[in-house]
Amino acid sequence: MLTDEEREEIEAEATHYAVRQAAQIDAMKIVQKHRGWVSDEALGDISELLGVPVTELDAVATFYNLIFRKPVGRHVIYLCDSVSCWIMGSAEQFAHCRARLGAAPGETTADGRFTLLPIVCLGACDHAPVMMVDDDLHTELEPAKIDRILEGYQ
Amino acid sequence: METPLTQNIRPGQEPLDREAYERAGGYQALRTALKSMTPAALIDAVKNSNLRGRGGAGFSTGLKWSLVPKDAPHPRYLVANADEMEPGTFKDRLLLERDPHQFLEGMMLGSYATATDVAYIFLRGEYTQAAKTLTRAIAEAYAAGYLGKNILGASYSLEIHLHTSAGRYMCGEETGLLNALEGKRANPRTKPPYPGVSGLWGMPTTVNNVETLSCVPHIVNHGAEWFRKLSRTADGGTKLYGASGKVKQPGLWELPMGATAREVLDRAGGMREGVRLRGFLPGGASTDFMTEEHLDVPLDFTEPQKVGSRLGTGTMIILDDGTCPVGMVWNLEQFFARESCGWCTPCWSGLAWVERILRGMEEGKGQEGDLEKLTFQTKFFGPGHTFCALAPGAAEPLQSGLKYFHDDFERHIREKRCPWG
Ligand SMILES: Cc1cc2nc3c(=O)[nH]c(=O)nc-3n(C[C@H](O)[C@H](O)[C@H](O)COP(=O)(O)O)c2cc1C
Ligand code: SF4
């Protein structure tokens, strides 16, 4: 069941488009904002609300980088693996995160605290290497700085 | 030197709110247009300014606006392309986060010129700060009567909505973007019909880049001729140029259109101690390498093409001699392979193959014949073989990398290792 809050937020987005179905991506993002990921059950509920087949929703969900069809950790680390960060040593940052978290890119830590994901260029190349944790951008990374930053996400 | 695009942006300072923007002369262009310019006159001014699209392709903005037929049906749409996922590109972020009202005023003017009823900002999901800044700015603009019904007492009405994307490079391609806004997968659409005739939900739609739109208020305020003269070449205006990689001071600078890579590098303080310049991609991942011999080529929409590259987004990615060129090309092709939308075979299949060959070279498994295979593949990525420009873009750093760093590719195969280890 969608919560009243989720439903209201989705309905508000739906008014922005010529047809309600266009809000399906917004709907999945809204559900994910509240629950961390988009379950089969949630797809069924969105399908009913917007009149989009579940298969269509799933095809759309799996196309996009930022919609999760599996549970993720309490915090998601998006570490940039594109070219400017690579030149500035992102391989070292990946190796450090992997060792510290005990989770490879695409995996979640055993305690469910972090999911580590590679991400396309975050558009902050003048401060490379960079990452986002949840909604926050962090720049000029090095291993010790990553450790300090991650302490802030319990 | 005039820097209209960044005149309101100060290091470490919050973006101007609506009132401060007005005090700096903001929303004057909108008043002028609504009071004393017909949409046709506005289109003419933009045409005469020689403003060309800053999203990478460089299409004339005035011409694009004139392609919406005069008797076309309503509602009409305009979309500001704020997807900015081209690796190495960080210019639209600055304009969105630091001068949101300039950008909104540009959107309003573009919308008025094309008789648009509803405009969308298509913002990449990761730009969370820009989303906050824009949400506030849009609310301020509605409250001041710059948006909504009968703007400033004129008969013109406009709604603007912010859409935050769920992330995929293909969303930036203008027809993929239209599908994404309709809630679908961001596969491209066949052209023609062009979006100006049939776009969102089959209605006339204009798609423009953030930097393009941000130029428009200045054209209205100061005139087409003034805008043309900001540039050193036939393409009008200033340009946000950038540099990332191992330079002393990476960053963005607003310079006259036609500034050279040497000038941009100078702004960046030159190369870091201990490394030398080997080459650069002049405007994002999907542009061809240029090298030291091209440092004095004016970076506009014409001159780089004469040496086999293009301006692209104008944000340079610098390759230094401490970095492996094969590794860099591999990183780029990995990106393109992953972001291919899967619509056409040469792209999804060819890119996966290219990526695997390059990875092999880096991991010491390069083989005789690899370079021929890579060269062979670049031919199928070229325009005409695929639906959209992603694959042709992927070919650019590959083909030019093979040309300029041929010896380095060969060494990887011969020595069965990456010499940069
Ligand atoms: C794969 C791909 C990604 C693109 N991404 C963007 C983008 O993020 N932002 C953008 O403005 N243009 C992007 N473009 C270019 C757009 O298709 C389009 O040309 C541009 O938005 C038009 O605006 P302009 O005429 O103002 O430059 C992309 C093109 C391709 C092929
Ligand atoms: S060129 Fe690639 S990204 Fe573009 S439509 Fe074809 S498969 Fe999709």
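Residues numbered from 1 in each chain as written. Chains lettered and ligands numbered in written order. Predicted model: local features only at pLDDT ≥ 70, side-chain atom pairs only at ≥ 80, totals over all residues. Heavy atoms only, no water.

**Student:** Quick one: what's the story with the overall build of chain A, residue by residue and with numbers?
**Tutor:** In terms of regular secondary structure, chain A is built from 7 helices and 4 strands. Its helices and strands in sequence order give chain A the pattern α-α-α-α-β-α-α-β-β-β-α, from N to C terminus. Once the C-alpha set of chain A is aligned to its principal axes, its extents read approximately 50 × 35 × 25 Å. Relative to its full complement of 154 residues, chain A shows a buried share of 53%. For chain A, contacts bridging at least 24 residues in sequence account for 59% of all contacts bridging at least 6. On chain A, roughly 6600 Å² of surface is accessible, and the fraction owed to carbon and sulfur atoms is 51%. A gap of 4 Å separates the mean positions of the 13 positive and 26 negative side-chain charges of chain A. (Helix = DSSP H or I, 4+ residues; strand = E, 2+ residues; numbered from the N terminus. Buried < 20%, exposed > 50% of the residue type's maximum accessible area, 1.4 Å probe, protein only. Contact = heavy atoms within 4.5 Å. Areas by Shrake-Rupley, 256 points an atom, 1.4 Å probe, with all protein chains shown as cover. Lys, Arg positive; Asp, Glu negative; His and termini not counted. Charge placed at Lys NZ, Arg CZ, Asp CG, Glu CD.)

**Student:** Which residues make up the sheet that holds strand β3 (residues 131-133) of chain A, and what are the values?
**Tutor:** All names here are of chain A. With mixed pairing, the 4 strands of this open sheet are ordered in space as β2-β1-β3-β4. A single partner strand is all that each edge strand has here, and the edge strands are β2 (114-119) and β4 (136-138). Neighbour to neighbour, the strand axes of the sheet diverge by 25 degrees on average, direction disregarded. The pairing of strand β1 (residues 75-80) with β3 spans 3 bridges and is antiparallel. The residue bridging Tyr78 from the neighbouring strand is Met132, located in β3. (Pairing = 2+ DSSP bridges. Axes fitted to C-alpha atoms, helices over the stretch in contact; angles between N-to-C directions.)

**Student:** So what's going on with the site of ligand 1? Which residues, and what values?
**Tutor:** Residues and elements named next belong to chain B. Lining the immediate environment of ligand 1, one finds 18 residues, of which Gly55, Lys64, Glu84, Asn209 and Thr212 sit closest. Here Gly55 contributes a backbone N or O atom positioned 2.7 Å from an oxygen atom of ligand 1. Between Asn209 and ligand 1, the recorded distance is 2.7 Å, taken from a side-chain N or O atom to an oxygen atom. When isolated, ligand 1 has an accessible area of 610 Å², and the protein chains bury 90% of it. Among the elements that take part in the shell around ligand 1, strand β4 (residues 205-209) stands out by supplying 3 residues, more than any other. Here the residues of the shell around ligand 1 are counted per class, giving 5 nonpolar, 7 polar and 6 charged. (Near = heavy atom within 4 Å. Polar contact = N/O pair within 3.5 Å; in protein donor to acceptor, adjacent residues only side chain to side chain. Nonpolar A, V, L, I, M, F, W, Y, C, P; charged D, E, K, R; others polar.)

**Student:** So what's going on with the site of ligand 2? Which residues, and what values?
**Tutor:** All names here are of chain B. Taken together, 13 residues surround ligand 2, and among them Cys341, Trp343, Cys344, Cys347 and Cys388 come closest. Taken atom by atom, the bulk of ligand 2 overlaps the largest cavity. Class assignment of the residues belonging to the shell around ligand 2 gives a composition of 10 nonpolar, 3 polar and no charged. (1 Å grid on protein atoms, 1.4 Å probe; cavity = no way out; pocket = protein on both sides within 12 Å on 5 of 7 lines; lining within 4 Å. Sits in = over half its atoms within 2 Å of the grid points.)

**Student:** Can you tell me about a nonpolar patch on the surface, naming the residues and giving the values?
**Tutor:** Residues and elements named next belong to chain B. Residues Phe59, Leu63 and Leu67 make up a contiguous nonpolar surface patch of about 260 Å² in total accessible area. By the element assignment, Leu63 lies in helix α4 (residues 61-66). Residue Leu63 is classed as partly exposed on the basis of its relative accessible area, which comes to 36%. (Patch = residues over 30% accessible without salt bridge, like charges linked within 9 Å, V, L, I, M, F, W, Y side chains within 5 Å. Salt bridge = Lys/Arg side-chain N within 4 Å of Asp/Glu carboxyl O.)

**Student:** How would you explain the domain arrangement of chain A if you had to name every residue and give the values?
**Tutor:** Under the domain assignment, chain A is made up of domain 1 (4-63) and domain 2 (75-151). Between domain 1 of chain A and domain 2 of chain A, the C-alpha centre-to-centre distance is 29 Å. (Domains from an automatic or database assignment.)

**Student:** I'd love a proper account of the nonpolar core, names of residues and values included.
**Tutor:** A:Tyr64 and B:Phe409 are the most contacted members of the largest nonpolar core, which totals 98 residues. Of the residues forming this core, the biggest block, 7 residues, is contributed by helix α13 (residues 325-339) of chain B. Leave out the neighbours within four places in its chain, and A:Tyr64 touches A:Ile25, B:Ala166, B:Gly167, B:Arg168, B:Cys171, B:Ala180, B:Lys184, B:Arg185 and B:Ala186. Counting residues in hydrophobic clusters, the runner-up holds 56 residues, among them B:Met107, B:Ile151, B:Val216 and B:Ile219. (Core = buried A, V, L, I, M, F, W, Y, C linked by side-chain atoms within 4.5 Å.)

**Student:** Could you give me a rundown of the packing of aromatic side chains, with the residues and numbers involved?
**Tutor:** On inspection of all chains with the given rule, the structure shows 16 aromatic pairs over all chains. Among the aromatic residues, ring-to-ring pairing joins A:Tyr17, B:Tyr77, B:Tyr120 and B:Trp201 into one connected group. Here B:Arg168 stacks its cationic end above the ring of A:Phe63, 4.4 Å away from the centre of that ring. (Phe/Tyr/Trp six-rings, centres within 6.5 Å; stacked < 30°, edge-to-face > 60°. Lys NZ or Arg CZ within 6 Å of the ring centre and 35° of its normal.)

**Student:** Go over the domain arrangement of chain B, please, and point to the residues and values.
**Tutor:** Residues and elements named next belong to chain B. Splitting chain B by domain gives domain 1 (4-229), domain 2 (243-320) and domain 3 (325-415). Placing the centre of domain 2 and that of domain 3 at their C-alpha centroids yields a distance of 22 Å. Regarding the contact of domain 2 and domain 3, the summed buried area is about 1200 Å², with carbon and sulfur atoms giving 65% of it. Looking at the side of domain 2 facing domain 3, the largest losses of area belong to Arg278, Asp288 and Phe289, adding up to 46% of the total buried there. (Buried area = accessible area lost by both parts, 1.4 Å probe.)

**Student:** Lay out empty space enclosed by the protein with the relevant residues and their values.
**Tutor:** Residues and elements named next belong to chain B. The final tally for this structure, using the stated rule, is 1 cavity of 30 Å³ or more. The computed volume of the largest cavity comes to approximately 60 Å³. Contributing to the lining of the largest cavity are 13 residues, with Cys341, Cys344, Cys347, Cys388 and Leu390 lying nearest its centre. Of the residues assigned to the lining of the largest cavity, the class counts are 10 nonpolar, 3 polar and no charged. (Points joined across faces, edges and corners; volume = space filled by probe spheres on them.)

**Student:** Describe in detail the interface of chain A and chain B, supporting the description with residues and values.
**Tutor:** Tallying the contact residues gives 38 residues for chain A and 50 residues for chain B. Taking both partners together, chain A and chain B bury about 3600 Å²; carbon and sulfur atoms supply 59% of that area. Inspection of the region where chain A meets chain B yields 1 salt bridge. When the shortest N-O distance is used, the salt bridge between B:Arg338 and A:Asp81 registers 2.8 Å. At the junction of chain A with chain B, the criterion picks out 21 residue pairs in polar contact (both at pLDDT 80 or more). Elements with a contribution of two residues or more to the side of chain A that touches chain B: α2 (24-35), α4 (54-63), α5 (83-87) and β2 of chain A. Among the elements that take part in the side of chain A that touches chain B, α4(A) stands out by supplying 5 residues, more than any other. The residue inventory of the side of chain A that touches chain B, partitioned by class, reads 24 nonpolar, 8 polar and 6 charged.

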